[in-house]
Amino acid sequence: MKIGTKEFNVKNKTYIMGILNVTPDSFSDGGKWNHMDAALAHAEEMIREGTAILDIGGESTRPGHQQITEEEEIERVAPVIEAVKARFDVPVSIDTYKAKVAAAAIEAGADLVNDIWGLKYDPEMADLIARTGVACCLMHNKNNTEYQDFYPDMLRETAECVKLAKEAGIADDKIILDPGVGFGKNYEQNLETILHMERFHELGYPMLLGTSRKSVIGLTLDLPADQRVEGTLVTTVMAVMKKYAFVRVHDIKENQRTIRMTEAILRAGEN
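As the structure is a prediction and not an experimental result, all values here were calculated from the model.

A. Structural view of the overall build of the protein. Broken down by element type, the protein carries nine helices and 10 strands. What you see for the protein is a C-alpha radius of gyration of 17 Å, in line with the 18 Å of a compact globule of 271 residues. A principal-axis box enclosing the C-alpha atoms of the protein has dimensions of 45 × 40 × 40 Å. Here the contacts in the protein between residues at least 6 apart in sequence split such that 69% fall between residues at least 24 apart.

Next comes the structure, spelled out in structure tokens:
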């Protein structure tokens, strides 16, 4: 799979998507990187530690977040994307569900659209992605936690996202899927999502897991957001073992070491 100028071996490796929030109110690192110099310094550090894709977001999507205008979101992300692309040779993802923001981000150099609503929020998003030829990550999400049959329903609802992508003309090799831990799911459903995450391979696309510092870890371990590294690492090990191509994380160095160790053990079993 090609994202930007980089090739990704999505069948045999797990790559890190590093989180760069240029927001004042993100749930775990709000306000830390929302100035250009701090954002660029953190981007450089993340790339040095093993980030393969830099995911830049300008609006917090934590539960109960305050939605901001498209213009404000663009003002936050576009200059940072442009500056990152000018300085570093790394694919950049824009974390947005709004087509206008995604268009400005792509114009600034973004190579991937990470849409937490899987093309279901903005009717213009799928056509924009198809027209520009960038990659996309489509996440499972919904406005409630009600399911008739949890996993079959979740897979069907994610397949609807794929259908929107295909109808718009987005190529198969430009699609990544995300089971959406922390979105449209209660605590038990989040744990079940992680436990059986390999079931998403039924849909036939590379998978991304985003659990970093999330509430499912905080509730399990009774820890605040900045102390959830170990819990995140457990989910990263599971993602590698279940052949996920990407993990979206805050703590790059620790997750990169975890991936390398897990992959080494799995390779030993193949010999």
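B. Region of the structure containing the side chain of R76. Along the chain, the position of R76 falls in helix 2 (residues 70-87). At a separation of 3.0 Å, a polar atom in the side chain of R76 contacts the side chain of E72. Once residues lying within four places of it in the same chain are set aside, the contact partners of R76 are V22, T23, P24, G58, E59 and I68.

C. Quick peek at the pairing of strand 7 (residues 135-139). Within strand 7, five of the five residues are buried, which leaves the element mostly enclosed by the surrounding structure. By the alternation rule, side chains of strand 7 split into A135, C137 and M139 and C136 and L138, which are all buried. The pairing of strand 6 (residues 112-115) with strand 7 spans four bridges and is classified as parallel. Counted as the bridge partner of L112 is A135 from strand 7. On the question of chirality, the crossover connecting strand 6 to the parallel strand 7 by way of helix 4 (residues 125-132) is right-handed. Across four bridges, strand 7 lies against strand 8 (residues 175-178) in parallel orientation. Paired with C137 across the bridge in strand 8 is I176.

D. Geometry of the packing of helix 3 (residues 99-108) against helix 4. Put simply, helix 3 and helix 4 touch, their axes get as near as 9 Å, and they point 20° apart. With respect to helix 4, the element helix 3 is oriented roughly parallel. Crossing of helix 3 over helix 4 shows right-handed handedness. Only M125, L128 and T132 of helix 4 make contact with helix 3, whose side of the interface consists of A99, A102, A103 and I106. Here the residues of the contact of helix 3 with helix 4 are counted per class, giving six nonpolar, one polar and no charged.

E. Local environment of the packing of aromatic side chains. Under the counting rule described, the total for this entry stands at seven aromatic pairs. When the centroid spacing of 4.6 Å and the interplanar angle of 80° are considered together, the rings of Y97 and Y121 count as edge-to-face. In this pair, Y97 sits in the loop between strand 5 (92-95) and helix 3 while Y121 sits in the loop between strand 6 and helix 4, placing the two residues 24 residues apart along the sequence. Accessibility expressed as a relative area gives 5% for Y97, which makes it buried. With 4.8 Å between their ring centres and 85° between their planes, Y147 and F150 make a pair best called edge-to-face.

F. Structural view of the side chain of Q189. You can see Q189 is positioned in helix 6 (residues 187-195). Residue class for Q189 comes out buried when judged on its relative accessible area of 11%. Ignoring any residue separated from it by four or fewer positions in sequence, one finds Q189 in contact with T145, Y147, F150 and G184.

Parameters at a glance
- Throughout, a residue's number is its position along its own chain's written sequence, starting from 1.
- Thresholds applied to this predicted model are a pLDDT of at least 70 for local features of residues and 80 or more for the giving and counting of side-chain atom pairs; totals over whole chains, interfaces and linings are not thresholded and use all residues.
- Values shown for side chains rest on all heavy atoms present in the structure; no hydrogens or waters enter the calculation.
- The numbering of helices and of strands both runs from the N terminus, where a helix is a DSSP run of H or I of at least 4 residues and a strand a run of E of at least 2.
- Radius of gyration: C-alpha atoms only; globule rule: 2.2 Å multiplied by the number of residues to the exponent 0.38.
- Between two residues, a contact is recorded if the distance between any of their heavy atoms is within 4.5 Å.
- Contacts described as polar in this section are N or O atom pairs within 3.5 Å, which, within protein, must combine one atom able to donate a hydrogen with one able to accept it, while residues neighboring in sequence count only if both atoms come from side chains.
- Here's how the labels work: a residue is buried when its accessible area is under 20% of the maximum for its type, exposed when over 50%, partly exposed in between, all with a 1.4 Å probe on protein chains only.
- Two strands form a pair only when DSSP identifies at least two bridges running between them.
- Every crossover in which the path from the first strand over the helix to the second runs clockwise, viewed with the strands pointing away from the viewer, is termed right-handed.
- Angles shown run from 0 to 180 degrees and are taken between the N-to-C directions of axes, each axis being a line fitted to C-alpha atoms and, for helices, limited to the stretch in contact.
- Note on terminology: angles under 35 degrees are roughly parallel, angles over 145 are roughly antiparallel, angles of 65 to 115 are roughly perpendicular, and the others are oblique.
- Handedness of a crossing follows from how the near helix is turned relative to the far one, being left-handed for an anticlockwise turn of less than a right angle and right-handed for a clockwise one.
- Gly counts as polar in this scheme, as do all residues outside two lists: the nonpolar Ala, Val, Leu, Ile, Met, Phe, Trp, Tyr, Cys and Pro, and the charged Asp, Glu, Lys and Arg.
- Only the six-membered ring of Trp is used, alongside the rings of Phe and Tyr, when aromatic pairs are assigned; centres must lie within 6.5 Å, and planes under 30 degrees apart are stacked while those over 60 apart are edge-to-face, with the rest tilted.

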